[in-house]
Amino acid sequence: MNNFIGEYQIDLELIDDILKYFYENKHLHEEGKVGVDGLKKHVKESTDLGVKSKNKEYPFNQYRDELQYCLNKYVEQYDILQETNAFNVNENYNIQHYPIGGGFKEWHYETMMPDHAKRKLVFMTYLNNLDDGGTHFKYYNYTTKAIKGKTLIWPAAFTHTHVGQISYTKEKTIVTGWMGFNEWRISR
């Protein structure tokens, strides 16, 4: 059965540079928040670094180029998306670091709140390897492996309700965000 979860690979040197940026910019770190309710460690325990969607500086400019390549591959596979307006990252996204035992601990999907309805696709890139730190998709009974550089794209709807696989042995770091409609089309 097709689960509509695209899996791609991002350059590992770029991944190292994103991690380096995260660790060198602790003054930008914030405690992870959930929706409009804010801090809820029983739901999400993380340290986040927000990235502006229009950030054109390295390493984010190159990450966005590689992410666009992944999105183009996703759209090629699900060709009906070629008939709609293009998708792109048009809201800020996050680098999220989860401590041992931390993570996004409750089932959720990315359009659960009315102001998130514009989200059409989700992206996530694992920044480190974990044997026990993937992502579990409820309705597909599918768990991805957390492999450094692996980038996932999936629909933001309830069909892709998911939860973090909590690691009790290692810390986990990801880049994650959303893609919504643009007014321009993907070049093919």
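Up top is the structure these notes are about.
Description of the structure in this document. (Residues numbered from 1 in each chain as written. Predicted model: local features only at pLDDT ≥ 70, side-chain atom pairs only at ≥ 80, totals over all residues. Heavy atoms only, no water.)

**Some words on the sheet that holds strand β10 (residues 142-146)**
The strand order β10-β9-β12 describes an open sheet built from 3 strands, whose pairing is antiparallel. Each end of this open sheet is capped by a strand with a single partner; those strands are β10 and β12 (162-164). Along the sheet, successive strands turn relative to each other by an average axial angle of 30 degrees, direction set aside. Across 3 bridges, the pairing between strand β9 (residues 130-137) and β12 is antiparallel. What sits directly across from F137, in β12, is H162. (Pairing = 2+ DSSP bridges. Helix = DSSP H or I, 4+ residues; strand = E, 2+ residues; numbered from the N terminus. Axes fitted to C-alpha atoms, helices over the stretch in contact; angles between N-to-C directions.)

**Points about the pairing of strand β4 (residues 47-51)**
With 2 bridges joining them, strand β2 (residues 30-31) and β4 adopt antiparallel strand pairing. Across the sheet, the residue bridging to E31 is T47, located in β4. Across 5 bridges, the pairing between β4 and strand β6 (residues 93-98) is antiparallel. Residue pairing in the sheet places T47 in a bridge with H97 of β6.

**Quick look at the packing of aromatic side chains**
Scanning all chains against the criterion turns up 8 aromatic pairs. Relative to F123, the ring of Y63 has its centre 6.3 Å away and its plane inclined at 50 degrees; by these criteria the two rings are tilted. Residue Y63 is found in helix α2 (residues 60-77), and its partner F123 is found in strand β8 (residues 119-126); the two are separated by 60 residues along the sequence. Owing to a relative accessible area of 1%, Y63 belongs among the buried residues under this scheme. (Phe/Tyr/Trp six-rings, centres within 6.5 Å; stacked < 30°, edge-to-face > 60°. Buried < 20%, exposed > 50% of the residue type's maximum accessible area, 1.4 Å probe, protein only.)

**Re the pattern of salt bridges**
By the definition in use, this model includes 8 salt bridges. Here R119 ties to E91 by a salt bridge, and the two come within 3.0 Å at their closest N and O atoms. In this pair, R119 sits in strand β8 while E91 sits in the loop between β5 (87-88) and β6, placing the two residues 28 residues apart along the sequence. For R119, a relative accessible area of 8% corresponds to the buried category. (Salt bridge = Lys/Arg side-chain N within 4 Å of Asp/Glu carboxyl O.)

**What to know about the nonpolar core**
Burial of nonpolar side chains together is a common tendency in soluble globular proteins. Grouped together as the largest cluster of nonpolar side chains are 28 residues, with contacts concentrated most on Y63, Y93, I95, F123, I153, V175 and M179. Secondary-structure elements contributing two or more residues to this core are α1 (12-24), β4, α2, β6, β8 and β13 (172-181). Residue contributions to this core peak at 7 residues, all from α2. Residue contacts for I153: discarding those within four places in its chain leaves F4, I5, G6, Y8, C70, L71, Y74, L121, V122, F123 and M179. (Core = buried A, V, L, I, M, F, W, Y, C linked by side-chain atoms within 4.5 Å. Contact = heavy atoms within 4.5 Å.)

**Comments concerning the pairing of strand β11 (residues 150-155)**
In terms of burial, β11 is largely enclosed, as 6 of its 6 residues are buried. Note: strand β1 (residues 6-9) against β11, 4 bridges, orientation antiparallel. Along β11, the bridge assignment pairs Q9 with K150. Sheet analysis places β8 next to β11, joined by 5 bridges and oriented antiparallel. Residue pairing in the sheet places T125 in a bridge with T151 of β11.

**Regarding the environment of I18**
The residue I18 is located in helix α1 in this model. As for I18 and Y63, which are separated by 45 residues in sequence, their C-alpha atoms are 8.5 Å apart.

**Things to note about the packing of α1 against α2**
In contact at an axis separation of 10 Å, α1 and α2 are set at 135 degrees when each is read in the N-to-C sense. Regarding the angle of α1 to α2, the classification is oblique. Crossing handedness for the pair α1 and α2: left-handed. Two secondary-structure elements touch here, α1 through L14, I18 and Y21 and α2 through F60, Q62, Y63 and E66. Among the residues forming the contact of α1 with α2, the class breakdown is 5 nonpolar, 1 polar and 1 charged. (Parallel < 35°, antiparallel > 145°, perpendicular 65-115°, else oblique. Left-handed = near helix turned anticlockwise from the far one by under 90°. Nonpolar A, V, L, I, M, F, W, Y, C, P; charged D, E, K, R; others polar.)

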